[in-house]
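Reading the structure
Here's the letter readout for the chains.
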Amino acid sequence: DTGVSQDPRHKITKRGQNVTFRCDPISEHNRLYWYRQTLGQGPEFLTYFQNEAQLEKSRLLSDRFSAERPKGSFSTLEIQRTEQGDSAMYLCASSLDRTGYTFGSGTRLTVV
Amino acid sequence: QKEVEQDPGPLSVPEGAIVSLNCTYSNSAFQYFMWYRQYSRKGPELLMYTYSSGNKEDGRFTAQVDKSSKYISLFIRDSQPSDSATYLCAMENEKLTFGTGTRLTIIP
């Protein structure tokens, strides 16, 4: 296993379109996290799963955002009706314990 | 007020210098303290983590935590140009809360 994998690496979409990102965590990790990072800022927490259960969602996660982790394996993050303010790097991380958070390389979203 | 405060820099130092990076926090519930390094257009990479107050050393890197002052530091000795990156502090309480990141440049 080579780490956390995210797809696509870069997505350009028109305002109002829906987009979906995928994250494949390290196989033995039971926790999976989504973060959003804008230029010059640290990553901001969006949501996390323990196995297939979504345990916490940030207030940053508006109704246009939805995340799933079917069967506790890979996860998807969907953004509906994208806005220019959604342009950011979306990072996925997985962990087995409270110290080993491993991040993927991220999906860079550009809304035009 | 943000839960984690970090000076965004940028910080430029000559090769071989000692670098000091710092963060303060306000949430006493944070239990683990981490430092991540992030290169441009890449995900953060874990450098070190600490749990209790005190120092932890790993090669040229030393992480320091003072829970009574809610202050953490990362020291880099004998800095190298390859250390040029953004350094993020992160605090853990069931999830990570990050600082803004400090952009560091080591000048050859």
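All figures in this text were calculated on a predicted structure; none of them were measured in a lab.

1. Side note on the overall build of chain B
When its secondary structure is counted, chain B shows 0 helices and 11 strands. Counted from the first residue to the last, chain B has its helices and strands arranged as β-β-β-β-β-β-β-β-β-β-β. For 108 residues, the compact-globule estimate of 2.2 N^0.38 gives 13 Å, and chain B sits close to it at 13 Å. The principal-axis extents of the C-alpha atoms in chain B amount to approximately 40 × 30 × 20 Å. Here chain B, with 108 residues, has 44% of them falling under the buried criterion. Contacts in chain B between residues at least 24 apart in sequence constitute 53% of all its contacts with a sequence separation of at least 6. Summed over its atoms, the accessible surface of chain B is roughly 5,200 Å², and 47% of this surface lies on carbon and sulfur atoms. The averaged location of the 12 negative side-chain charges in chain B is 5 Å from the averaged location of its 11 positive side-chain charges.

2. Some remarks on the sheet that holds strand β8 (residues 75-79) of chain A
All names here are of chain A. Within the open sheet, the 4 strands sit side by side as β1-β3-β8-β7. Their pairing is antiparallel. Edge positions in the sheet fall to β1 (5-7) and β7 (65-68), since each has one partner strand and no second. In this sheet, adjacent strand axes meet at a mean angle of 15° when their direction is disregarded. Strand direction decides the pairing type here: β7 and β8, joined by 4 bridges, are antiparallel. Each residue of the ladder has a partner; that of S66, found in β8, is E78.

3. Things to note about the state of the cysteines
Counted according to the given criterion, the structure contains 2 disulfides over all chains. At a sulfur-sulfur separation of 1.9 Å, the disulfide partner of C23 of chain A is C92 of chain A. For the disulfide bridge between C23 of chain A and C92 of chain A, the dihedral angle about the S-S bond is near -70°, and by the sign convention the bridge is left-handed. Placement of C23 of chain A in strand β3 (residues 19-24) and of C92 of chain A in strand β9 (residues 88-95) is noted, with a sequence separation of 69 residues between them. Each member of the pair, C23 of chain A as well as C92 of chain A, is classed as buried. Each disulfide pairs two cysteine sulfurs, and for C23 of chain B the partner residue is C89 of chain B, the sulfurs being separated by 2.0 Å. Across the disulfide from C23 of chain B to C89 of chain B, rotation about the S-S bond amounts to roughly -100°, and the bridge is consequently left-handed.

4. Remarks on the layout of surface pockets
Its boundaries defined by the atoms lining it, the largest pocket holds a volume of some 660 Å³. As for the largest pocket, its lining consists of 27 residues, and the residues nearest its centre are L39 and G40 of chain A together with S40, R41 and T86 of chain B. Secondary-structure elements contributing two or more residues to the lining of the largest pocket are β9 and β11 (107-111) of chain A together with β9 (85-92) and β11 (102-107) of chain B. Looking at the lining of the largest pocket, the element that brings in the most residues is β11 of chain B, giving 4 residues. Residues that form the lining of the largest pocket fall into these classes: 9 nonpolar, 14 polar and 4 charged. Computed from the structure, the second largest pocket encloses a volume of approximately 560 Å³. Going through the elements one at a time, β5 (44-50) and β6 (53-57) of chain A together with β10 (96-98) of chain B are the ones with two or more residues in the lining of the second largest pocket.

5. Overview of the pairing of β9 of chain B
Residues and elements named next belong to chain B. Most of β9 sits out of view: 7 of its 8 residues are buried. When strand β4 (residues 32-38) meets β9, the two strands line up antiparallel, connected through 7 bridges. The residue of β9 that forms the bridge with M34 is A90. Pairing of β9 with β10, which is carried by 3 bridges, proceeds in the antiparallel orientation. Across the sheet, residue M91 finds its bridge partner in β10, namely T97. Counted along the chain from β9 to the antiparallel partner β10, the turn is 3 residues long, and its residue E94 has a positive phi close to 70°.

Conventions we followed
Residues numbered from 1 in each chain as written. Chains lettered and ligands numbered in written order. Predicted model: local features only at pLDDT ≥ 70, side-chain atom pairs only at ≥ 80, totals over all residues. Heavy atoms only, no water. Helix = DSSP H or I, 4+ residues; strand = E, 2+ residues; numbered from the N terminus. Rg over C-alpha atoms; globule rule 2.2 N^0.38 Å. Buried < 20%, exposed > 50% of the residue type's maximum accessible area, 1.4 Å probe, protein only. Contact = heavy atoms within 4.5 Å. Areas by Shrake-Rupley, 256 points an atom, 1.4 Å probe, with all protein chains shown as cover. Lys, Arg positive; Asp, Glu negative; His and termini not counted. Charge placed at Lys NZ, Arg CZ, Asp CG, Glu CD. Pairing = 2+ DSSP bridges. Axes fitted to C-alpha atoms, helices over the stretch in contact; angles between N-to-C directions. Disulfide = S-S within 2.5 Å. 1 Å grid on protein atoms, 1.4 Å probe; cavity = no way out; pocket = protein on both sides within 12 Å on 5 of 7 lines; lining within 4 Å. Points joined across faces, edges and corners; volume = space filled by probe spheres on them. Nonpolar A, V, L, I, M, F, W, Y, C, P; charged D, E, K, R; others polar.

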